[in-house]
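Residues per chain are reported as follows:
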Amino acid sequence: MCGIVAYLGNKSAYPIMIKGLQRLEYRGYDSAGVALLNGSLTIIRRKGKVKDLEDFAVGKNLSGTVGIGHTRWATHGKPDDRNAHPHLSGNGRLTLVHNGIIENYDTLKKALEKLGHVFHSETDTEVLVHLIEEIQTRDNLVIEEAVRVALQKVVGAYAIVVIDKEDPDKLVAARKASPLVIGIGTDDFYIASDATPIVEYTKKVVYLNDEEIAVVKKDGSLQIFTISNEMQKPHIQQLDMELERLEKEGFDYFMLKEIHEQPRTIADGMRGRMNAEEGWIRLGGVAEYVNKMSKAQRFIIVACGTSWHAGLIAEYLFEDLARIPVEVEYASEFRYRNPIITENDVVIALSQSGETADTMAALEMAKEKGALIYGLVNVVGSSIARLTDAGSYIHAGPEIGVASTKAFTGQLTLLTLMALKLAYLKGTITNSYFHELLTELENIPAKIGKILQNAEQIEYIAGEFKGASNALYLGRGYNFPVALEGALKLKEISYIHAEGYPAAEMKHGPIALIDENMPVIVIANNKSAYEKIVSNIQEVKARRGVVIAIVEEGDEVIKHIADYTIEIPATEEPLSPLLSVIPLQLFAYYIAILRGCNVDQPRNLAKSVTVE
Ligand code: F6R
């Protein structure tokens, strides 16, 4: 939620800000703004996307070698020019950008108003910059000290970068529960919400920890200290990220590129971690805690959105293959309902970004109660990756499209490996089935490649339904969560209302919705419940519903009942979601495109939900 970028050095800051904001736009795109220091402060802010800001900036003084920039996902105050960042202090000396929520902003605001402060926006951020100003002026403090004292009074989450016009050779940054990365260049510094705006300039980075404040100066120094004023030694890390993977590489949208990347990202997720021929699986994180995991009383999976759907599939995988009881929880509910967690539980967090606020909070709670906490994340060095006792990276590469695609299949790949590893150790599956599943897992990338070759047929079917107002997705067993995921993809990028249901539940309510205008997408590639799915399709057809069925190659039965069939290669049932989700991603993508939607930046959404 909200993207921050900042620069201090000898180069012109504005182009670095704009490029950085474009890379961070997935985090929010309600408004954008930059502040440039060039003797005086130039602040340019605009409702809308970074492009709108660029257009607005034409003809303005954009000089300056120190700058801060922001792309906003609105929390406090509607998306308009007034509420756009950067915000300015009352005396015009300080300006800051902020990601997060200051929960006690109202109390602070009232106290500051009594002292004569006047506010021009509805944001919590403007309150923060006034608070820093008040403390700086009252106690005559240097900016980093004023920030430190002010943050002691703040309740909530923040990542901030501050400019002090009177102290022009430095930037002050701080974080609590919202990410911030500092890139160390040869004679300059880059600061951002994630590493994507930085990687093109330097691979040397420091991830700021919670309640840490950093001061970067033009003399090349970097100082880090805590809010309680303890000096910290910067831990410099090397970024493992390729710039090319941040580009669209010829695709119209990042989402389409990311859908097409899946054969490679799944192979990357398996690389070095398994060998079907030799029959082994090695997962660093699991190896360390293998005893604890195989003896666990239960696994509790916490996640949100698409990652939660991956968790639901994991429930089938762990229970079916490794016979480990699993509970799958929405992180936002779990954290607030006083759940029973013991030291014998393993709590697994699934998160693409590794920054989702609710998932982080759920994990922190589980950690306090003594459970082993394990993270399965995509973004290297993210907050969840650093909080957990152990974990595995998905290795899907940067996912820029707001709708998650390759991270989902990356999560499924890793979860399958984990379940198989534990099943093998516990002896809950036969050796031959273990080998069969491993061998088939190696075939999955090629099979996805085959489905992708069929994109034109899916685009054609999408064209038939682009005017739909509602859609129903049905699946059973391993493919029930895929129905939920298909429905989520459709609604979030095309704004068509869609529901996912276990196919057999249809009779208990949703069947009332079915008529000739309601497309019903049935995931029908399960082997075990095949006849039951055929009956479900018959039930829909009997009510004049229109059926699009995802079937195994060569299926002759459903072809004669359904209105449209999309064939996908046959596979083992526990691996079937890895294939069945692909046509659903494409279907949602093409419908959204045909409806003129911006699939990479759907309205009201942000990629990284760092507020609750
Ligand atoms: C949907 C989507 C979201 C995320 C959710 C969790 O396409 O992307 O539902 O899955 O916000 O995000 P992460 O996985 O980053 O914790």
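What counts as what
Every chain's residues receive numbers from 1 upward, in the order its sequence appears when written. Where totals are concerned, whole chains, interfaces and linings use all residues; where local detail is concerned, this predicted model gives features only for residues with pLDDT of at least 70, and gives and counts side-chain atom pairs only at 80 or more. For side-chain calculations, the full set of non-hydrogen atoms in the structure is used, while hydrogens and water are omitted. A run of DSSP states H or I qualifies as a helix once it reaches four residues; a run of E qualifies as a strand once it reaches two. Both are numbered from the N-terminal end. Restricting the calculation to C-alpha atoms gives the radius of gyration, and the globule rule supplies 2.2 Å times the number of residues raised to the power 0.38. Residue exposure (1.4 Å probe, protein chains only): buried if accessible area is under 20% of the type maximum, exposed if over 50%, otherwise partly exposed. Residues count as neighbours in contact if any of their non-hydrogen atoms are within 4.5 Å of one another. Any helix carries an expected span of 1.5 Å times its number of residues minus one. Among buried residues, the Ala, Val, Leu, Ile, Met, Phe, Trp, Tyr and Cys ones that are joined through side-chain atoms within 4.5 Å form a nonpolar core. An automatic or database domain assignment provides the domain bounds reported here. The rule for pairing is simple: two strands pair if DSSP sees at least two bridges between them. Fitted lines through C-alpha atoms give the axes, limited to the stretch in contact for helices. The angle between two N-to-C directions lies from 0 to 180 degrees. Only a single heavy atom is needed: when it lies within 4 Å of a molecule or strand, its residue is near that molecule or strand. Polar contact is the term for a pair of N or O atoms within 3.5 Å; when the atoms are in protein, one must be able to donate a hydrogen and the other to accept it, and sequence-neighboring residues count only if both atoms are side-chain atoms. Values of accessible area rely on a 1.4 Å probe in the Shrake-Rupley scheme; residue burial ignores everything except the protein chains shown. The residue classification treats Ala, Val, Leu, Ile, Met, Phe, Trp, Tyr, Cys and Pro as nonpolar and Asp, Glu, Lys and Arg as charged. All others, Gly included, are polar. Defined in terms of a 1.4 Å probe, buried area is the accessible area two parts forfeit on being brought together, summed over both. We define a salt bridge as a side-chain nitrogen of Lys or Arg found within 4 Å of a carboxyl oxygen belonging to Asp or Glu. As defined here, a cavity is a set of points on a 1 Å grid over the protein atoms alone where a 1.4 Å probe fits but cannot get out. A pocket is an open set with protein on both sides within 12 Å along at least five of seven lines, and residues line them when an atom is within 4 Å of a point. Grid points are joined across faces, edges and corners, and a volume is the space filled by probe spheres set on the points.

1. Points about the overall build of the chain
Each helix and strand counted, the chain has 19 helices and 27 strands in total. For 612 residues, the compact-globule estimate of 2.2 N^0.38 gives 25 Å, and the C-alpha radius of gyration of the chain, at 25 Å, lies within 12% of that figure. Considering only C-alpha atoms, the chain reaches an extent of 80 × 55 × 45 Å along its principal axes. Put simply, the chain has 612 residues, and 62% of those count as buried. Contacts in the chain between residues far apart in sequence, at least 24 positions, make up 71% of those at least 6 positions apart.

2. Regarding helix α1 (residues 13-24)
The terminal C-alpha atoms of α1 lie 16 Å apart, and with twelve residues this matches the ideal 16 Å at 1.5 Å per residue to within 8%. By the criterion of burial, α1 is predominantly enclosed, with nine of the twelve residues buried. Close packing links the buried residues of α1 with β1 (3-8), β2 (31-38), α2 (50-57), β4 (66-72) and β10 (189-192).

3. With respect to the nonpolar core
Counting 96 residues, the largest nonpolar core has F299, F318, I348, Y473 and F587 as its most contacted members. Per-element tally for this core: the top contributor is helix α19 (residues 576-594), with twelve residues. Of the residues that make up this core, three or more belong to each of domain 2 (247-452) and domain 3 (454-599). Listed in part, the 32 residues of the second largest apolar core include L21, Y26, V205 and F254.

4. Side note on the environment of P79
The topology assignment puts P79 in the loop between β4 and β5 (87-88). The exposure class assigned to P79 is partly exposed, which follows from its relative accessible area of 32%. Spatially, the C-alpha atom of P79 lies 7.9 Å from that of G48, the residues being 31 residues apart in sequence.

5. Observations concerning the sheet that holds strand β20 (residues 345-351)
Taken together, five strands build an open sheet; the order of strands is β19-β18-β20-β21-β22 and the sheet is parallel. Each edge of the open sheet is held by one strand with a lone partner, namely β19 (326-330) and β22 (390-393). Averaged over neighbouring strand pairs, the angle between their axes works out to 20° when direction is ignored. Examined bridge by bridge, β20 and strand β21 (residues 372-377) share six bridges and lie parallel to one another. Bridging from a neighbouring strand, V346 pairs with L372 of β21.

6. Notes on the site of the ligand
In the vicinity of the ligand there are 14 residues, among which S307, S351, S353, T356 and E492 approach most closely. S353 is positioned with one of its side-chain polar atoms (N or O) 2.6 Å from an oxygen atom of the ligand. When isolated, the ligand has an accessible area of 400 Å², and the protein chains bury 90% of it. Across the shell around the ligand, the residue classes tally to four nonpolar, eight polar and two charged. Formed jointly, the shell around the ligand draws a minimum of three residues from each of two domains, domain 2 (247-452) and domain 3 (454-599).

7. Here's the deal with helix α12 (residues 357-368)
Its twelve residues give α12 an end-to-end C-alpha distance of 17 Å, which sits within 8% of 16 Å, the value for a rise of 1.5 Å per residue. With respect to burial, α12 is a largely interior element, nine of its twelve residues being buried. Buried residues of α12: A357, D358, T359, M360, A361, A362, L363, M365 and A366, and no others. Packing partners of the buried residues in α12 comprise β18 (298-303), α11 (331-334), β20, β21 and α13 (383-387). One or two steps after α12, the chain reaches G370, where phi turns positive at roughly 95°.

8. Looking at the environment of A159
Along the chain, A159 falls in strand β7 (residues 156-164). According to the relative accessible area criterion, A159 is buried, its value standing at 0%. On a C-alpha basis, the gap between A159 and V181 in space is 9.9 Å, while along the polypeptide they are 22 residues apart.

9. A closer look at the domain arrangement of the chain
Accessible area lost upon the coming together of the parts is a frequently used measure of interface size. Per the domain assignment, the segments of the chain are domain 1 (3-244), domain 2 (247-452) and domain 3 (454-599). Here domain 1 and domain 2 have C-alpha centroids that lie 34 Å from each other. For the domain 1 and domain 2 pair, buried surface summed over both sides reaches about 990 Å², with 48% attributable to carbon and sulfur atoms. Linking domain 1 with domain 2 are zero salt bridges. Among the residues forming the side of domain 1 that touches domain 2, the class breakdown is seven nonpolar, one polar and three charged.

10. Examining the pattern of salt bridges
Here the structure, examined in full by the defined rule, presents 34 salt bridges. When the shortest N-O distance is used, the salt bridge between E261 and R264 registers 3.1 Å. The partner of K527 in a salt bridge is E552, and the shortest N-O contact between them spans 3.0 Å. Taken together, the positions of K527 in the loop between β25 (519-523) and α18 (530-542) and E552 in strand β26 (residues 546-552) put the pair 25 residues apart, joining distant regions of the chain. Taking relative accessible area as the criterion, E552 reaches 19% and is therefore assigned buried. Connected through salt bridges with shared partners, the residues K78, D80, R82 and E122 form a single ionic network.

11. Some details on empty space enclosed by the protein
Inspection of every chain in the model, using the stated rule, returns two cavities of 30 Å³ or more. Of the pockets and cavities examined, the largest cavity occupies roughly 60 Å³. Breaking the lining of the largest cavity down by element, the ones donating at least two residues are β6 (94-102) and α4 (124-139). Tallied by class, residues from the lining of the largest cavity come to two nonpolar, seven polar and two charged. In this structure, the second largest cavity spans a volume of roughly 30 Å³. If you trace the second largest cavity, you find it lined by I313, L412, T416, P574, L575, P577 and L578. Of all the secondary structure elements, the ones that give two or more residues to the lining of the second largest cavity are α14 (406-426) and α19.

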